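Reading the structure
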Amino acid sequence: MKELLVVVDMQRDFVDGALGTKEAQGIVENVVKKVKKAKECGKDVIFTLDTHHQDYLLTQEGRNLPVAHCIKGTPGWELIPELQELSEECQVLEKPVFGSTALAHMAVRNGYEAIELVGLCTDICVISNALILKSSLPEAKICVDASCCAGVTPKSHENALEAMKMCQIMVGE
């Protein structure tokens, strides 16, 4: 079975930077373990990077979330230090919006039968990518490890997990 682990937006700005939370900081160890195990098992691993530019505050997202974050080339845009070395032999995909159609096209092209997502934020980018992947590969097993995800708030994290379950995305720990 061809398997993929997608590590969504584990960037400094989301962990301990401009939009960081204690919940995001609390999943770092779990995510590191998950990536190491996936690589040991021969799964493909891809990292996504939320990627904005200096004009972020002029974009629709920036007008709705007026906190400059993940500006390409800044320290906040980088993967957290704990994952930098682990990402070296993996594909890294920059995405300018919550969900990535490029990720879905790559998943279809490579014929993945099982895709697991971890990372940040459960209620924005994780759910967006999980739903795009489920729509693109309806027969693939799409799952999210809740112990390796954090939302903007604990409540919105739980709401997103419930919404994904309703869309036949498996949620586990």
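Analysis parameters
Residues numbered from 1 in each chain as written. Predicted model: local features only at pLDDT ≥ 70, side-chain atom pairs only at ≥ 80, totals over all residues. Heavy atoms only, no water. Salt bridge = Lys/Arg side-chain N within 4 Å of Asp/Glu carboxyl O. Helix = DSSP H or I, 4+ residues; strand = E, 2+ residues; numbered from the N terminus. Expected span 1.5 Å × (residues − 1). Buried < 20%, exposed > 50% of the residue type's maximum accessible area, 1.4 Å probe, protein only. Arc of directions from axis to C-beta. Contact = heavy atoms within 4.5 Å. Pairing = 2+ DSSP bridges. Axes fitted to C-alpha atoms, helices over the stretch in contact; angles between N-to-C directions.

1. Overview of the pattern of salt bridges
Enumeration over the complete set of coordinates arrives at 10 salt bridges. Residues Glu29 and Lys33 are paired through a salt bridge, measuring 3.1 Å at the closest nitrogen-oxygen approach. Taken together, the residues span about one helical turn, with Glu29 and Lys33 both in helix H2 (residues 22-40) at a distance of four residues. We note a salt bridge from Asp50 to Lys95, for which the minimum N-O separation is 3.9 Å. Of this pair, Asp50 sits in strand S2 (residues 44-50) while Lys95 is found in strand S3 (residues 91-95), placing the two residues 45 residues apart along the sequence.

2. As for helix H7 (residues 154-166)
Its 13 residues place the ends of H7 19 Å apart at the C-alpha level, agreeing with the 18 Å of an ideal helix rising 1.5 Å per residue. Listed in full, the buried residues belonging to H7 are Ser156, His157, Ala160, Leu161 and Met164. In an axial view of H7, the angular spread of the buried residues amounts to 140 degrees, which keeps them on one side of the axis. Counted as exposed and oriented over 90 degrees from the buried face of H7: Lys155 and Met166. Tucked inside the fold, the buried residues of H7 contact helix H6 (122-136), strand S5 (141-150) and strand S6 (170-172). Directly beyond the C-terminal end of H7, a positive phi value near 65 degrees is found at Gln168.

3. What about the sheet that holds strand S4 (residues 114-120)?
Spatially, the six strands line up as an open sheet ordered S3-S2-S1-S4-S5-S6, and their pairing is parallel. Each of the sheet's edge strands pairs with one partner strand only, and the pair in question is S3 and S6. The average undirected angle you get between the axes of adjacent strands in this sheet is 25 degrees. With three bridges connecting them, S5 and S6 associate as parallel partners. Residue Cys143 lies in a different strand from S6, and its bridge partner there is Met170. Relative to the sheet, H2 contacts strand S1 (3-8), S2, S4 and S5, its axis offset from that of S5 by approximately 135 degrees. The strands touched by H7 within the sheet are S5 and S6, with S5 carrying the most contacts at an inclination of about 170 degrees.

4. As for the environment of Pro154
Relative to the elements of secondary structure, Pro154 occurs in helix H7. Judged by relative accessible area, which is 48%, Pro154 ranks as partly exposed. Along the chain, Pro154 and Met164 lie 10 residues apart, while their C-alpha atoms are 16 Å from each other.

5. Observations regarding the environment of Glu3
Mapped onto the secondary structure, Glu3 falls in strand S1. Along the chain, Glu3 and Asn30 lie 27 residues apart, while their C-alpha atoms are 19 Å from each other. Once residues within four sequence positions are removed from consideration, Glu3 is found in contact with Lys43, Asp44, Tyr112 and Ala114.

6. A closer look at the pairing of S1
Consecutive residues of a regular strand have side chains that alternate between opposite faces of the sheet. Counted residue by residue, S1 has five buried out of six residues, so it is predominantly covered. The sheet contact formed by S1 and S4 spans six bridges and is parallel. Across the sheet, the residue bridging to Val7 is Val118, located in S4. By the bridge criterion, five bridges tie S1 to S2 in an arrangement that is parallel. Bridge pairing in S2 links Leu5 to Val45.

It is worth stressing that arrangement in space is one thing and function is another; only the former is reported here.
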